[in-house]
Amino acid sequence: MSATVINLRQARKQKARNTKAQSAAENRRKFGRTKAEKSQEEAEATLETKRFEGHKLTSISSRKDKN
């Protein structure tokens, strides 16, 4: 029975590199956008919110006031 020998120092450093690379990729996705992309995303979010709010039913108290 032969086990694979692992250098723990190298394994620890490789894990740190992978973690750092993953956070860098997230930051690139989050902050690496142009102003046009940011404004487009904001406009889409605003439109989605308006559509959602438009589909809400009126409350019971406002229905009583109309009658």
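Residues numbered from 1 in each chain as written. Predicted model: local features only at pLDDT ≥ 70, side-chain atom pairs only at ≥ 80, totals over all residues. Heavy atoms only, no water.

**Side note on the overall build of the protein**
Counting its secondary structure elements, the protein contains three helices and zero strands. Ordered by position from N to C terminus, the α and β elements of the protein give α-α-α. Taken over 67 residues, the protein has a buried fraction of 0%. (Helix = DSSP H or I, 4+ residues; strand = E, 2+ residues; numbered from the N terminus. Buried < 20%, exposed > 50% of the residue type's maximum accessible area, 1.4 Å probe, protein only.)

**Digging into helix α1 (residues 8-31)**
The first and last C-alpha atoms of α1 sit 34 Å apart over 24 residues, in line with the 34 Å expected at 1.5 Å per residue. Its side-chain oxygen placed 3.1 Å from the backbone nitrogen of R9, N7 serves as the N-cap of α1. (Expected span 1.5 Å × (residues − 1). Polar contact = N/O pair within 3.5 Å; in protein donor to acceptor, adjacent residues only side chain to side chain.)

**Re the pattern of salt bridges**
Note on pairing: side chains with opposite charge can pair once their charged atoms come close. One pass over the structure, following the stated rule, counts two salt bridges. A salt bridge links E53 to K56; the nearest nitrogen and oxygen atoms lie 3.4 Å apart. A relative accessible area of 42% means that E53 is categorised as partly exposed. (Salt bridge = Lys/Arg side-chain N within 4 Å of Asp/Glu carboxyl O.)

**Let's talk about a positive patch on the surface**
On the surface, R9, R12, K13 and R17 cluster together to form a positively charged patch. Inspection of the secondary structure assignment puts R17 in helix α1. (Patch = residues over 30% accessible without salt bridge, like charges linked within 9 Å, V, L, I, M, F, W, Y side chains within 5 Å. Areas by Shrake-Rupley, 256 points an atom, 1.4 Å probe, with all protein chains shown as cover. Lys, Arg positive; Asp, Glu negative; His and termini not counted. Charge placed at Lys NZ, Arg CZ, Asp CG, Glu CD.)

**Regarding the confidence of the model for the protein**
Close inspection of predicted coordinates is inappropriate in any region flagged by low pLDDT. Residues at a pLDDT of 70 or more form 85% of the protein, whose mean pLDDT is 87. Mean pLDDT across the elements of the protein bottoms out in helix α3 (residues 60-66) (61) and peaks in α1 (95). (pLDDT = per-residue confidence, 0-100.)

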